[in-house]
Amino acid sequence: MWIDSWDAIGRVLLVGAASYGTLVLILRATGKRTLSQLNAFDFIVTVALGSTLATILLSSSVSWLEGLTALILLAGLQFVVAWSSSRLPWLRNLLTTQPALLLADGQFLPDSMKEHRLAESEVRQAVRMQGIGDLNDVRAVILETNGTFSVISSSQYGNGSALEDVRHAGRR
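We now turn to the structure provided with this report. (Residues numbered from 1 in each chain as written. Predicted model: local features only at pLDDT ≥ 70, side-chain atom pairs only at ≥ 80, totals over all residues. Heavy atoms only, no water.)

**Describing the pattern of salt bridges**
In total, this model carries three salt bridges according to the counting rule given. Among the salt bridges present, the one from R139 reaches D105, with a minimum N-O distance of 2.8 Å. With a gap of 34 residues between them, R139 in strand β3 (residues 138–143) and D105 in the loop between β1 (100–104) and β2 (107–108) connect regions that are remote in the sequence. Residue R139 is classed as partly exposed on the basis of its relative accessible area, which comes to 26%. Residue R167 pairs with E115 through a salt bridge whose shortest N-O separation is 2.5 Å. (Salt bridge = Lys/Arg side-chain N within 4 Å of Asp/Glu carboxyl O. Helix = DSSP H or I, 4+ residues; strand = E, 2+ residues; numbered from the N terminus. Buried < 20%, exposed > 50% of the residue type's maximum accessible area, 1.4 Å probe, protein only.)

Right, dumping it as structure tokens:
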């Protein structure tokens, strides 16, 4: 069906505008970290906020106030968890993983690759995406906590201090 009723369209427009405005205010109040994707936990909150907004817009069984409460709850919990984990190392360790070294000095680290269920082709793709054609020019490829790859060339490595918290980096 193309349209259920004009009232439903009006509701989507009205509730949508109010929800969008409210979400913008909530995000401004809770800070940039609420929508960051520094780790898997942050990503889940971002997806949950989007899903909640969609539910508020499209489900007439969810009132605007119920949706507002859900948005505030999600953003508030994200704020509390981010604030707490930035001050409590044990909580940060519980909620996030360490970055992992996958390739060192042009050589794949098979145990690390297997642990993270990655194929060599996926790491090669990350290297190529950085415009590097020779693995021997790569000092390190790191799987970051948010699931992205960092590729560090030999010329960019410096003293390697940025790899201090990278799992397996000290075993080379």
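**Looking at helix α6 (residues 120–129)**
The complete set of buried residues in α6 reads V123, A126 and V127. Angularly, the buried residues of α6 cover 100 degrees about the axis, an arc narrow enough to put them on a single face. Counted as exposed and oriented over 90 degrees from the buried face of α6: R128 and M129. In this fold, the buried residues of α6 make contact with β1, β2, α5 (110–115), β3 and β4 (149–153). (Arc of directions from axis to C-beta. Contact = heavy atoms within 4.5 Å.)

**Let's talk about the packing of helix α1 (residues 6–30) against helix α2 (residues 40–58)**
The geometry of α1 relative to α2 is characterised by a closest axis approach of 9 Å and an angle of 155 degrees between their N-to-C directions. Between α1 and α2, the angle falls in the class roughly antiparallel. Judged by the sense of rotation from one axis to the other, the crossing of α1 with α2 is right-handed. Facing α1, whose interface residues are R11, V12, V15, G16, S19, Y20, L23 and L27, α2 presents L49, L53, I56 and L57. (Axes fitted to C-alpha atoms, helices over the stretch in contact; angles between N-to-C directions. Parallel < 35°, antiparallel > 145°, perpendicular 65-115°, else oblique. Left-handed = near helix turned anticlockwise from the far one by under 90°.)

**Let's talk about the layout of surface pockets**
The calculated volume of the largest pocket comes to roughly 330 Å³. Along the wall of the largest pocket there are 19 residues; nearest its centre are N39, R92, T96, T97 and T145. For the lining of the largest pocket, the secondary-structure elements that each account for two or more residues are α2, α3 (64–87) and α4 (89–95). Residue contributions to the lining of the largest pocket peak at five residues, all from α3. Partitioning the lining of the largest pocket into residue classes produces six nonpolar, nine polar and four charged. (1 Å grid on protein atoms, 1.4 Å probe; cavity = no way out; pocket = protein on both sides within 12 Å on 5 of 7 lines; lining within 4 Å. Points joined across faces, edges and corners; volume = space filled by probe spheres on them. Nonpolar A, V, L, I, M, F, W, Y, C, P; charged D, E, K, R; others polar.)

**So, α3**
Taking 1.5 Å per residue, 24 residues should reach 34 Å; α3 reaches 34 Å between its end C-alpha atoms and fits that length. Where α3 is buried, its residues meet α1, α2 and α4. (Expected span 1.5 Å × (residues − 1).)

**With respect to the pairing of β3**
Remember that side chains alternate between the two faces of the sheet whenever the strand is regular. Judged by how many residues are buried, β3 sits mostly within the fold: five of six residues are covered. As defined by bridge partners, β1 adjoins β3 across four bridges and the pair is classed as antiparallel. Bridge assignment links A100 to a residue of β3, and that residue is L143. Where β3 meets β4, five bridges bridge the pair, whose relative direction is antiparallel. Residue pairing for β4: A140 is matched across the bridge by I152. (Pairing = 2+ DSSP bridges.)

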